[in-house]
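Examination of the molecular architecture
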Amino acid sequence: MEGNNKFLEESSDSGYTESSDTECTENLVDPSIPATIPKFVDELPIPKVLQPVSQGNDYDYYEVEMKPAKHKFHRDFGEALIYGYNGMYPGPTFETMKGHPVRVKWINNLPFKHFLPVDKTLEDAIDSPEVRTVVHLHGANVAPDSDGHPEAWFTRNFEYTGAKYCRRVYEYPNQQQATTLWYHDHAMGVTRLNLYAGLAGFYLIHDFNEQSLDLPKGKYDIPLMIQDKSFKPDGSLFYPENLTPRNPFVHPSVVRAFIGNTMVVNGKVWPYLNVEPRKYRFRMVNASNSNGFTFKLSNGQAFWQLGTDGGLISVSKPIEKFPLDPAERIDVIIDFSGLEGQIITLQTEELDLQGNPEIHKREVMQFRVGSKGGDTITLPQNLRRFDKLEESKAIKTRRIVMTQETDEFGRVKLTLNNLEFSDPATEFPEYDTIEIWEFANPVFNPNSPIGIPPNISHPIHLHLAQFQVLSRQQFNVTTFNANQWITNGTGIDFGTNPVLAPDPSEIGWKDTVRVEAGQVTRIIVHFKNYTGEYVWHCHILEHEDYEMMRPLIVIKKYVD
């Protein structure tokens with residue numbers, strides 16, 4: 001098990017440290033120093049809804065261009081170079097109905113050289129152009145050739161392509177319930193850089209059930225893309241070039257994790273939103289590279305939860321706070337009725353790397369409640385039918401360990417069952433079958449707070465499949481035998497530790513699950529809709545880019 005100090009040394013390069021708080025003057029805004037940045041001076045941008053190039057009864061056709069652009073993250077920052085879908089950050093929002101297919105031609109008009117530091121030692125990077133892209137519609141039920149396989153990347157004008165590249169126009173059938181999806185880059189070895197550079201956007205599916213419910217709609221239904229970022233003194237994006245201390249053999253080098261020092265929502269640092277004294281629907285995604293958050297409201301008010309990653313839950317319910325790891329989504333109502341003239345802040349409970357409350361990132365964005373407006377909405381309790389998967393129907397249990405080793409350059413390399421992405425596939429679920437997957441995370445220090453390295457969760461994402469979280473249970477990491485547990489389920493000691501139910505916020509359909517430190521996390525998943533080759537991986541992007549990703553091949557059910 002890796003010691004805490006080592007991780008802290010590596011993570012300390014994730015914030016820009018050219019100057020310090022003591023060097024700033026009262027009126028100087030230095031984007032690299034959070035304490036100097038005025039909060040809540042920029043209004044929250046709402047991503048524009050994308051219109052199709054052509055439209056018919058059979059499908060809508062879109063063309064989306066990935067290109068460099070200039071973006072101001074804050075009123076007092078200079079312009080920053082970003083990569084954006086149609087030059088926007090976040091990208092434009094897709095809105096469609098269940099069962100109405102969408103086709104998208106993704107066009108790469110980006111340069112061949114990246115403006116962020118590319119590690120040439122990573123998979124597909126050593127002899128490929130630096131800027132490679134492929135789009136993954138996260139949470140979508142799609143065929144393999146439209147899923148955004150990491151090796152299906154392509155460069156500008158499709159001049160160079162990856163080993164799995166096969167089509168220019170992606171097809172999204174949208175045969176799933178109303179839900180909040182998001183699309184983002186997924187190219188092998190540079191996902192962390194491309195997404196950080198701005199390549200992410202929302203994709204909303206509606207259905208007749210959702211539209212029949214008495215829920216906030218139109219301008220009262222707002223997506224929130226939440227990220228942590230760091231900046232250079234000129235307001236441009238900062239991303240570390242190497243580990244700390246400097247690795248003498250690799251430069252630039254992938255970092256173990258990236259933790260930014262400011263909060264960014266829909267592309268603005270600490271924005272505000274003017275709201276009416278009424279109910280609003282917020283579709284929240286944690287689009288950060290590495291960092292998980294626990295969100296709450298400054299006045300102690302509860303959110304009303306409507307949905308999880310996969311769409312609406314069965315019964316709406318109040319939750320006072322909730323965790324959200326990278327790639328997880330949650331669909332909530334905030335009721336500002338009766339709060340005229342008040343200011344409510346969306347907050348986090350994040351700790352810094354020393355285990356102390358994070359001062360600057362505690363606040364995310366501000367809601368300013370006006371005096372006019374209101375609604376007559378009575379929030380429905382019953383939202384949709386929910387079919388719970390039965391454990392007795394599972395035909396197989398798979399056991400996976402969050403593993404790590406040291407590479408030839410002395411860097412920590414995180415893997416799954418000690419396997420790299422290029423190793424032969426080991427997950428071959430049969431079509432239309434149910435499986436239980438159990439994830440053990442033995443990297444745990446009982447003397448460190450949860451959420452502080454090494455006690456971090458790994459957000460594991462399965463492409464194609466939706467699943468349900470079953471339970472979590474702490475185990476003895478000092479006596480744990482990973483090989484025995486993977487092989488036959490022995491070699492693990494749970495002692496008297498209780499089996500923990502899922503967090504109230506994650507009861508529903510999920511595509512990403514937090515694998516907590518020192519615990520076994522169990523999910524149940526139904527593999528259906530398509531067969532073919534997909535992937536599954538940790539959604540900490542620095543881990544995904546450096547071997548914490550595996551093939552997932554859904555095969556036809558064998559009939560004797």
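Preceding this section is the structure that the text describes.
Keep in mind it's a predicted model, so treat the numbers as computed, not measured. (Residues numbered from 1 in each chain as written. Predicted model: local features only at pLDDT ≥ 70, side-chain atom pairs only at ≥ 80, totals over all residues. Heavy atoms only, no water.)

Examining the overall build of the chain
Note the following rule: Helix and strand assignments come from DSSP, with helices taken as H or I runs of at least 4 residues and strands as E runs of at least 2, each series counted from the N terminus. Both definitions apply: the radius of gyration is a C-alpha atom measure, and the globule rule equals 2.2 Å times residues to the power 0.38. Each residue is assigned to one of three classes by its accessible area relative to the maximum for its type, calculated with a 1.4 Å probe on protein chains only: buried under 20%, partly exposed between the two thresholds, exposed over 50%. In what follows, a contact means two residues having at least one pair of non-hydrogen atoms within 4.5 Å. Methods summary: accessible areas were calculated by the Shrake-Rupley approach with a probe of 1.4 Å, and residue burial reflects only the protein chains presented. Positive charges are assigned to Lys and Arg, negative charges to Asp and Glu, while His and the chain termini are left out of the count. Where a charge lies is defined by one atom per residue type: Lys uses NZ, Arg uses CZ, Asp uses CG and Glu uses CD.
Looking only at helices and strands, the chain has 5 helices and 31 strands in total. For 560 residues, the compact-globule estimate of 2.2 N^0.38 gives 24 Å, and the C-alpha radius of gyration of the chain, at 23 Å, lies within 12% of that figure. Expressed along its principal axes, the backbone C-alpha trace of the chain runs to roughly 65 × 55 × 55 Å. Taking all 560 residues of the chain together, the buried fraction comes to 59%. Contacts in the chain between residues far apart in sequence, at least 24 positions, make up 78% of those at least 6 positions apart. When the accessible area of the chain is evaluated, it comes to approximately 21,400 Å², of which 48% is carbon and sulfur surface. Between the mean site of the 54 positive side-chain charges and the mean site of the 74 negative ones, the chain shows a separation of 4 Å.

Regarding the pairing of strand E25 (residues 433-440)
Consecutive side chains of a regular strand alternate in pointing toward one face of the sheet and then the other. We count it as follows: Two strands qualify as a pair provided DSSP detects at least 2 bridges between them.
When you tally the buried positions in E25, you get 8 out of 8 residues, the bulk of the element. Judged by which residues are buried, E25 turns out to be covered on both faces: Thr 433, Glu 435, Trp 437 and Phe 439 on one side and Ile 434, Ile 436, Glu 438 and Ala 440 on the other are all buried. Pairing of strand E23 (residues 394-406) with E25, which is carried by 7 bridges, proceeds in the parallel orientation. Paired with Ile 400 across the strands is Phe 439, a residue of E25. Here E25 runs beside strand E29 (residues 519-527); their pairing, made up of 8 bridges, is antiparallel. Among the inter-strand pairings, Ile 436 is bridged to a residue of E29, identified as Ile 524.

What to know about the nonpolar core
To keep things clear, this is the line we draw: As used here, the term nonpolar core means buried Ala, Val, Leu, Ile, Met, Phe, Trp, Tyr and Cys residues forming a set that is joined through side-chain atoms within 4.5 Å.
Within the largest apolar cluster, 82 residues are counted, with the highest numbers of intra-cluster contacts made by Phe 73, Trp 106, Phe 282, Met 284, Phe 336, Leu 346 and Phe 367. Setting aside its immediate chain neighbours within four residues, Leu 346 contacts Ile 226, Met 284, Phe 295, Lys 296, Leu 297, Phe 303, Arg 362, Glu 363, Val 364, Met 365 and Phe 367. Membership of the second largest hydrophobic core comes to 26 residues, among which are Val 412, Val 469, Val 525 and Leu 552.

Brief notes about the pattern of salt bridges
Where we set the bar: Should a side-chain nitrogen of Lys or Arg be within 4 Å of a carboxyl oxygen of Asp or Glu, the pair is scored as a salt bridge.
One pass over the structure, following the stated rule, counts 39 salt bridges. Glu 210 is the partner of Arg 281 in a salt bridge, and the nearest nitrogen-oxygen pair spans 2.9 Å. In this pair, Arg 281 sits in strand E15 (residues 279-286) while Glu 210 sits in helix H3 (residues 208-212), placing the two residues 71 residues apart along the sequence. A relative accessible area of 4% means that Glu 210 is categorised as buried.

Quick look at the pairing of strand E16 (residues 293-297)
Every second residue of E16 is oriented toward a common face, the buried set being Phe 293, Phe 295 and Leu 297 and the non-buried set Thr 294 and Lys 296. Pairing geometry for E16 and strand E19 (residues 321-324), over 4 bridges, is antiparallel. Looking across to E19, one finds that Lys 296 is bridged to Lys 321. Pairing between E16 and strand E21 (residues 343-348): 3 bridges, direction antiparallel. Residue pairing in the sheet places Lys 296 in a bridge with Gln 347 of E21.

Some thoughts on the side chain of Asn 266
Here is the rule we go by: Polar contacts, as used here, are pairs of N or O atoms within 3.5 Å; protein pairs need one atom able to donate a hydrogen and one able to accept it. Residues neighboring in sequence count only if both atoms are side-chain atoms.
Within the secondary structure, Asn 266 sits in the loop between strand E12 (262-265) and strand E13 (268-269). Looking at Asn 266, the relative accessible area reads 1%, which means it is buried. A distance of 2.9 Å separates a polar atom in the side chain of Asn 266 from the backbone oxygen of Pro 45. At 3.0 Å, the side chain of Asn 266 and the backbone oxygen of Pro 223 are in polar contact. Among all residues touching Asn 266, those that are not within four sequence positions of it are Leu 44, Pro 45, Ile 46, Pro 47, Tyr 89, Pro 90, Phe 202, Pro 223, Leu 224 and Met 225.

Considering the side chain of Arg 278
As for its placement among the helices and strands, Arg 278 is situated in the loop between strand E14 (272-275) and E15. Residue Arg 278 is classed as buried on the basis of its relative accessible area of 7%. Not counting the four nearest positions on each side in its chain, Arg 278 is found in contact with Pro 216, Tyr 220, Ile 334, Asp 335, Phe 336, Ser 337, Gly 374, Asp 375 and Ile 377.

Re the layout of surface pockets
Formally: Computed over the protein atoms alone on a 1 Å grid, cavities are sets of points where a 1.4 Å probe fits but cannot get out and pockets are open sets with protein on both sides within 12 Å along at least five of seven lines; a residue lines them when it has an atom within 4 Å of a point. Grid points are joined across faces, edges and corners, and a volume is the space filled by probe spheres set on the points. For this classification, Asp, Glu, Lys and Arg are treated as charged, while Ala, Val, Leu, Ile, Met, Phe, Trp, Tyr, Cys and Pro are nonpolar and the rest, including Gly, are polar.
Roughly 520 Å³ of volume is contained in the second largest pocket. In this structure, the second largest pocket is lined by 22 residues; those nearest its centre are Asn 141, Gln 177, Gln 466, Trp 509 and Lys 528. Taken together, the residues that form the lining of the second largest pocket break down as 6 nonpolar, 8 polar and 8 charged.

Topic: the sheet that holds strand E9 (residues 200-206)
Operational definition: Axis lines are fitted through C-alpha atoms, for helices just across the contact stretch, and the angle between N-to-C directions can take any value from 0 to 180 degrees.
Taken in spatial order, the 4 strands make up an open sheet running E4-E9-E8-E6, and their pairing is mixed. Where the open sheet ends on each side, the last strands, each with one partner, are strand E4 (91-97) and strand E6 (135-138). Averaged over all pairs of adjacent strands, the angle between their axes in this sheet comes to 20°, without regard to strand direction. For strand E8 (residues 179-185) and E9, the ladder comprises 6 bridges, and the chain directions are antiparallel.

Topic: unusual backbone geometry
Going from Tyr 89 to Pro 90, the amide bond is cis rather than trans, its omega being -5°. Within the secondary structure, Pro 90 is located in the loop between strand E3 (80-85) and E4. Omega for the peptide link from His 251 to Pro 252 comes to -5°, which places this bond in the cis form. You can see Pro 252 is positioned in the loop between strand E11 (237-238) and E12. Phi is positive for Asn 174, which is not a glycine, with a value near 60°. Within the element layout of this structure, Asn 174 appears in the loop between strand E7 (169-172) and E8.

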